[in-house]
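Here is how the chains run, residue by residue.
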Amino acid sequence: MKLKAVKSFAIALAFLGAAFFVGCSNGSGLPPIPADQHPASDITQTQTEAASSQPITVGPTTKKLILSGVKGKTIYMTKTNPLSVALKKENTRAAKIKNGISASIFEDPLEPSGFSREAEQDPHALIYQNFWNTLKNSSSAPKKLAMSVQNGPKNYSVGDTETFNNLKPEDLKTIEQNEFELLVSEDDYYVWVKKDDAQYNKDKDAFKAKAQELGKKFINGYKLVSHIYGEPAKNIYLYDPATETFTKDEALSTYSKTGEKINILFYEMLEQGKLYGFVSPRDSIKGYEGSNEGRFLYLDSKTLLEEPMEAYSTSLHEFSHAISFTVKTLEQGVEWTYWYGEFLALLCEDMMQDYLGVSDLDVDGDLGNTPKGRLCTANYTDSWGYGLTGNASPTYAAGFLLGSWISRKFGGVKFIRELARNNSVDMKSILDALQTAAGKSYTEASLLQEFAGDMLVPAAGSGHNQNAATYQGNALYTCSYTDSAGQVQTYLYPITAIDLWEPFYGWCDISNLSNIKGKNCISNVSIPFSGLPAKNTYRKHKYWEDTPPRATPTTAYLGPLLLNNGGTCFNIGPYGSMLFKLGTADNSTVTLEFTCVGGVYFGDVVTIWVK
């Protein structure tokens, strides 16, 4: 599901404002130590390690770590949260350098002078949660539709009108019934527009032409997506509130008034809300209030006119959700979370860029047509401060950062296909897909540890710096389609390399980490702000002019955020990763000491890297 106005660029700040470690206090009345977390009182042991290219996992009882053979090498630290819930800063560990690294590293815990904002819930999470809340809270069968009962496919012609349900864009809860006019009728799909839509009525001929072109782009693209993700529902489903299960009922081909055709419904969303488009799980459920009982996709009419490429990309992103809901929930009985749905859909956008003709650098306005436009904000905060899970827009950036790394390092479309089709969801689905597609066995902790290590410095073959289309075996998943010129083409699902340290993915320090009590917390390479490409989302963002007296910055930074104080602690979001550059060793031996910030228990995985 895709939104326009709410961007992770600003929202992620909410997780910076009060996240720095400013002191330790055990407090009173603390809960017992949670499962998978460790008592601080156990940190008593000394661990000795020789320099190695392999990561050094700091043991759960390690208080002192002695590294040998490290002179002239750079010492890094990563902290990851392997849990699906957030870790408070009090439940993480801090590192203090006792000797062996020059005084360029400052040790005092510091409090940021930045500000915070509340994270606004993503409208798509609201749609998804409202669906489940209504469904599960129902003590009996869901309410019947107010519209007429379906009695099989009708023969529609261009110019015909039909009444459909749609969500009111202002609140995404209220169900409206509106008259829609049929603009395009093809064997596989219909394109409709709300009859009184303001955008449509500005220039009907222009709108119809764009609707026809979108339909052609969508149907070829949808077939390419289905080849990897699976098919949308061919049946209408019944829901049993008592057992919370779905069962197939009648075939859409004989039940739904639009049969198995995919219905693309346009109406104006951006003027009242923040959406490019969405799908609704309710449309697959028989008798569910507001269900259109068929295959439906809802898109913003203004986007079609003003940003048609975005409309094309959104149509495939959104309909991949409908496929995933069918494959995972309706057919296999597993309920996926909001973040996992967006994780899948962003990988769909990624693998379909070449088909749509979207450049890796195609960022227009706040976001653009490529999911790669989210990576500069992920570089700054979203991979740790917010974490992977949640119900607000930082989920997009953090999820795509992880998903783009995995898909490039572990098999490209082979991995994506396994992820989309296996019988698990959320992090388990990711781990299962890695095992099947790449023969790699990981836990949440070990996967995130490797991910964080690859984010430290640019390196060939580290995941983002390789082209996933080259993986052996991807040829098994190619798919043919007919292009707009009538020529048969073979799609290879190319997934291009990403260099996170390029200026295109650079970012600006909007929370003032570079000037905390006169200290600079940032180790990243810096460049002049003017050195950011014109289409970089930080350079283009209206934040600089919309939040007076905020001045346009003079400095930008490259690569995933590297902090230079191991004693600085933050809240770490679910499956989040924090990166630290501790410094270059002056001596052959370096000694680090670790403490649990809150003094009671911790749940992070701390890793030392010598590079």
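Cut-off values and rules
- Residues numbered from 1 in each chain as written.
- Predicted model: local features only at pLDDT ≥ 70, side-chain atom pairs only at ≥ 80, totals over all residues.
- Heavy atoms only, no water.
- Phe/Tyr/Trp six-rings, centres within 6.5 Å; stacked < 30°, edge-to-face > 60°.
- Helix = DSSP H or I, 4+ residues; strand = E, 2+ residues; numbered from the N terminus.
- Buried < 20%, exposed > 50% of the residue type's maximum accessible area, 1.4 Å probe, protein only.
- Pairing = 2+ DSSP bridges.
- Core = buried A, V, L, I, M, F, W, Y, C linked by side-chain atoms within 4.5 Å.
- Contact = heavy atoms within 4.5 Å.
- Expected span 1.5 Å × (residues − 1).
- Axes fitted to C-alpha atoms, helices over the stretch in contact; angles between N-to-C directions.
- Lys, Arg positive; Asp, Glu negative; His and termini not counted.
- Salt bridge = Lys/Arg side-chain N within 4 Å of Asp/Glu carboxyl O.

(A) Just the packing of aromatic side chains, in detail. For the coordinates displayed, the defined rule picks out 37 aromatic pairs. Measuring from centroid to centroid gives 4.9 Å for Y128 and W336, while their planes differ by 20°, and the two rings are stacked. A residue pair is termed long-range when its members are at least 10 positions apart, and Y128 in helix α2 (residues 123–136) and W336 in the loop between α7 (308–330) and α8 (338–356) qualify at 208 residues. There is no split in this pair, since Y128 and W336 are both buried. A ring pair is formed by W405 and F451, whose centres lie 5.2 Å apart and whose planes are at 55°; its orientation type is tilted.

(B) Fine view of unusual backbone geometry. Within the chain, E244 stands out as a residue other than glycine whose phi angle is a positive 55°. Topologically, E244 is positioned in the loop between β11 (235–240) and β12 (245–251). With a relative accessible area of 44%, E244 lands in the partly exposed category.

(C) Spatial organisation of the sheet that holds strand β23 (residues 605–610). The strand order β4-β23-β6-β20 describes an open sheet built from 4 strands, whose pairing is antiparallel. Of all strands in the sheet, those with a lone pairing partner are β4 (56–57) and β20 (577–584), marking the two edges. Across 6 bridges, the pairing between strand β6 (residues 74–80) and β23 is antiparallel. Its bridge partner lying in β23, K79 is registered against V606.

(D) Fine view of the nonpolar core. Judged by nonpolar contacts, the single largest core of 105 residues is most densely connected at Y229, M352, F415 and I430. If you tally residues by element for this core, the top one is α8, at 12 residues. When neighbours within four sequence positions are excluded, M352 is seen to be in contact with G221, L224, V225, L316, Y491 and Y493.

(E) Summary view of helix α12 (residues 426–438). Over its 13 residues, α12 runs 18 Å from end to end, which matches the ideal 18 Å to within 8%, given 1.5 Å per residue. Within the sequence span of α12, burial applies to D426, M427, S429, I430, L431, A433, L434 and A437. Among the structural elements, α7, α8, α10 (394–409), α11 (413–421) and α13 (444–454) are those in contact with the buried residues of α12. With its phi angle positive at about 65°, G439 sits one or two positions after the end of α12.

(F) Here's a closer look at the pairing of β11. Bridging between β11 and β12 involves 5 bridges; their strand directions are antiparallel. Residue D240 lies in a different strand from β12, and its bridge partner there is T245. If you look at the hairpin formed by β11 and β12, you'll find 4 residues sitting between the two strands, and E244 has a positive phi there, around 55°.

(G) Quick peek at the sheet that holds strand β3 (residues 45–50). What the 4 strands build is an open sheet, ordered β3-β5-β21-β7; its pairing is mixed. The open sheet is flanked by β3 and β7 (93–99), the only strands paired with a single partner. Across the sheet, the mean angle separating the axes of adjacent strands is 25° when strand polarity is ignored. Where strand β5 (residues 62–68) lies against strand β21 (residues 589–596), 5 bridges are found, and the strand directions are antiparallel. If you follow S68 over to β21, its bridge partner there is T589.

(H) Looking closely at the side chain of R282. Along the chain, the position of R282 falls in the loop between β14 (275–278) and β15 (295–300). Among buried charged residues, R282 stands out as having no salt bridge; its nearest opposite-charge side chain is E289, 5.9 Å away.

(I) Up close: the pattern of salt bridges. Counting across every chain of the model gives 13 salt bridges. Residues K257 and E162 are paired through a salt bridge, measuring 3.5 Å at the closest nitrogen-oxygen approach. Remark: E162 occurs in strand β8 (residues 161–167) and K257 occurs in the loop between α5 (252–255) and β13 (262–267); sequence separation between them is 95 residues. Per residue, the accessibility class of K257 equals that of E162, and both read buried. Linking D249 and K286 is a salt bridge whose minimum nitrogen-to-oxygen distance equals 2.7 Å. With D249 in strand β12 and K286 in the loop between β14 and β15, this residue pair connects regions lying 37 residues apart in the sequence. Classification of D249 by relative accessible area gives partly exposed; the value is 26%. Relative accessible area serves as the criterion here: at 21%, K286 is assigned to the partly exposed category. Each of K154, E162 and K257 takes part in a single network of salt bridges with overlapping partners.

(J) How the structure looks around the environment of P574. With respect to the helices and strands, the residue P574 is situated in the loop between β19 (555–557) and β20. The residues contacting P574, other than those within four sequence positions of it, are N81, L83, S84, V85, A86, Y386, G387, L388 and T389.

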